[in-house]
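Each chain, written out:
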Amino acid sequence: MQKLILNHHPLLLLPQRAIYIETLQALLVSDVHLGKAETFQSYGVAVASQVNQASLTRLADLCQTYQPQSLWILGDLFHSFAAREEGVRQSWLDFLDLTQVTAHLVMGNHDRPLAASLDQFRLICHREGVMVDNLWFSHEPQAEVKGPSLCGHSHPCLRLGGRGDRLRLPCFHWQPAHNRLTLPAFGEFTGGYNIRLEVGEVAYVVAEDTVVEFRSEEHMSELQSPCNLVCRLLLEK
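Just so it is clear, the model here is predicted, and its values are computed rather than measured. (Residues numbered from 1 in each chain as written. Predicted model: local features only at pLDDT ≥ 70, side-chain atom pairs only at ≥ 80, totals over all residues. Heavy atoms only, no water.)

**Some remarks on the pattern of salt bridges**
Following the criterion strictly, the structure yields three salt bridges and no others. Among the ionic pairs, Asp97 bridges to Arg122, the shortest N-O distance being 2.9 Å. Linking Asp97 in helix H3 (residues 86-99) with Arg122 in the loop between strand E6 (102-106) and strand E7 (124-126), this pair joins segments that are 25 residues apart in sequence. A residue is classified by how much of its surface remains accessible, and Asp97, at 41% relative accessible area, is partly exposed. We classify Arg122 as partly exposed; its relative accessible area is 45%. We note a salt bridge from Arg112 to Glu140, for which the minimum N-O separation is 2.9 Å. Here Arg112 is found in the loop between E6 and E7, whereas its partner Glu140 is found in the loop between strand E9 (135-137) and strand E10 (149-151), with 28 residues between them in sequence. (Salt bridge = Lys/Arg side-chain N within 4 Å of Asp/Glu carboxyl O. Helix = DSSP H or I, 4+ residues; strand = E, 2+ residues; numbered from the N terminus. Buried < 20%, exposed > 50% of the residue type's maximum accessible area, 1.4 Å probe, protein only.)

**Comments concerning the environment of Gln53**
Examined against the element boundaries, Gln53 turns out to sit in helix H2 (residues 50-66). By relative accessible area, which is 38% here, Gln53 ends up partly exposed.

**Quick look at the environment of Val130**
Here Val130 lies in strand E8 (residues 130-132). Sequence separation of Val130 and Ser149 is 19 residues, and the distance between their C-alpha atoms is 9.8 Å. With residues near it in sequence (within four places) discarded, Val130 still touches Trp72, Val106, Leu135, Trp136 and Phe137. (Contact = heavy atoms within 4.5 Å.)

**Some remarks on the nonpolar core**
Formed by 32 residues in total, the largest nonpolar core has its most connected members in Leu27, Leu71, Ile73, Leu77, Trp92 and Phe95. Broken down by secondary-structure element, the contributors of at least two residues to this core are strand E2 (9-14), strand E3 (18-21), strand E4 (26-29), H2, strand E5 (70-73), H3 and E6. Top element by residues in this core is H2. It accounts for six residues. Each residue touching Trp92, except ones within four places of it in the same chain, is listed here: Leu34, Leu56, Leu71, Ile73, Leu77, Ala103, Phe121 and Leu123. Ranked by size, the runner-up nonpolar core spans 25 residues in total, among them Val130, Val132, Phe172 and Val211. (Core = buried A, V, L, I, M, F, W, Y, C linked by side-chain atoms within 4.5 Å.)

Pasting the structure below:
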């Protein structure tokens, strides 16, 4: 894991693509996209529904490890109206019964069409971003926010390597010019957006069970061959 301190809050950036903030006793994730498999199935695409349970099992394991009082989902807990299917809904309620965590949802663009149905999911819903002890939680990145902000939405990934084989890995994207940290997508069945690191920016790259820091100057370096990258990732495990 890696640690980043924002407004005196130590943030643990976890390889499970989540953040734990001990000072708030809060676990943060973004872009779980429950019901995405069912959405694809409705169009005749064969995708196993087990991806929902795989995401929730990882989330339950994190709750077991860190024992948070609150779980904050920074948008897109659900993917579409298919999330209202009984199997998806019951899986989420079973997760809440198991962990006994208080779940907050900062509604994302995929959640907002479901606003009228969300009361059945035992969530504390926030239609807009919310300030929590001088940290701003939102789904989409927002300008002119006082203090550090944490968001999701873009599913950031970093592409590493030279002209040959490349690695494309999810990452936490820190942009000091905007005082913003963007979380990677938590869900098992999500895409990703390739970011380009600007001067001073940092990508905390998730590589299996470790998180590795890459700064903008390293990302641009010709030394970042796939061989060198693999060696670095192994050394930092």
